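# Observations on the model geometry
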Amino acid sequence: MKVTSSVMDLYFGYNMRVGDVQGAKDGIKKFQQIANTSNNPEQIERYANAAKKLQTEILPMLQSDVCNIGKQLGLPQSHIGSVISTFG
């Protein structure tokens, strides 16, 4: 089967963005945990602000990218947000 490079770019871009979304979610949890357990007021503020920025600015942008690319690939709504594989 021959697949055009633009479709492959979408495929890899989609999977990359799905990973970025998961990484952002993990970062939010980690930053919130640090902010909640730190004794240093500067550190509390810095990590709380980082978690808030990830949650309110970066994560929605990444999720939008995943949705848009998933639609371009013709994925059913139920599959958007999950890594796609050519092996199954």
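For the protein, the count of helices and strands is two helices and zero strands. Relative to its length of 88 residues, the protein is extended, with a C-alpha radius of gyration of 17 Å against a globular reference of 12 Å. Each of the 88 residues in the protein was classed as buried or not, and the buried ones make up 24%. For the protein, long-range pairs separated by at least 24 residues make up 67% of all intrachain contacts whose partners lie at least 6 apart in sequence. If you sum the accessible surface of the protein, you get close to 6,400 Å²; carbon and sulfur atoms cover 54% of it.

Turning next to the pattern of salt bridges. Taken as a whole and judged by the stated rule, the model has three salt bridges. For the salt bridge of Arg17 with Asp20, the shortest nitrogen-to-oxygen distance reads 2.7 Å. Placement of both Arg17 and Asp20 in helix H1 (residues 5-37) is noted, with a separation of three residues, approximately one turn of the helix. Of the charged contacts in the structure, one is a salt bridge between Glu57 and Lys53, with a shortest N-O distance of 4.0 Å. Placement of both Glu57 and Lys53 in helix H2 (residues 41-72) is noted, with a separation of four residues, approximately one turn of the helix. Relative accessible area serves as the criterion here: at 48%, Glu57 is assigned to the partly exposed category. Judged by its relative accessible area of 44%, Lys53 is partly exposed. Through salt bridges with shared partners, one network takes in Arg17, Asp20 and Asp65.

Helix-helix packing: each pair is described by the crossing angle between the helix axes and the interaxial distance. Orientation of H1 relative to H2, taken along the N-to-C sense of each, is 160°, at an axis distance of 8 Å. On the basis of their axis angle, the class for H1 and H2 is roughly antiparallel. Between H1 and H2 lies a crossing whose hand is left-handed. Of the residues belonging to the contact of H1 with H2, the class tally is 19 nonpolar, eight polar and four charged.

Proteins that are soluble and globular tend to have nonpolar side chains buried together. Counting 14 residues, the largest nonpolar core has Tyr14, Val21, Ala24, Leu59, Val66, Leu75 and Ile84 as its most contacted members. Looking at this core element by element, the count peaks at six residues for H1. Other than its neighbours up to four places away in sequence, Val21 contacts Leu59, Leu62, Gln63 and Val66.

Cut-off values and rules
Residues numbered from 1 in each chain as written. Predicted model: local features only at pLDDT ≥ 70, side-chain atom pairs only at ≥ 80, totals over all residues. Heavy atoms only, no water. Helix = DSSP H or I, 4+ residues; strand = E, 2+ residues; numbered from the N terminus. Rg over C-alpha atoms; globule rule 2.2 N^0.38 Å. Buried < 20%, exposed > 50% of the residue type's maximum accessible area, 1.4 Å probe, protein only. Contact = heavy atoms within 4.5 Å. Areas by Shrake-Rupley, 256 points an atom, 1.4 Å probe, with all protein chains shown as cover. Salt bridge = Lys/Arg side-chain N within 4 Å of Asp/Glu carboxyl O. Axes fitted to C-alpha atoms, helices over the stretch in contact; angles between N-to-C directions. Parallel < 35°, antiparallel > 145°, perpendicular 65-115°, else oblique. Left-handed = near helix turned anticlockwise from the far one by under 90°. Nonpolar A, V, L, I, M, F, W, Y, C, P; charged D, E, K, R; others polar. Core = buried A, V, L, I, M, F, W, Y, C linked by side-chain atoms within 4.5 Å.

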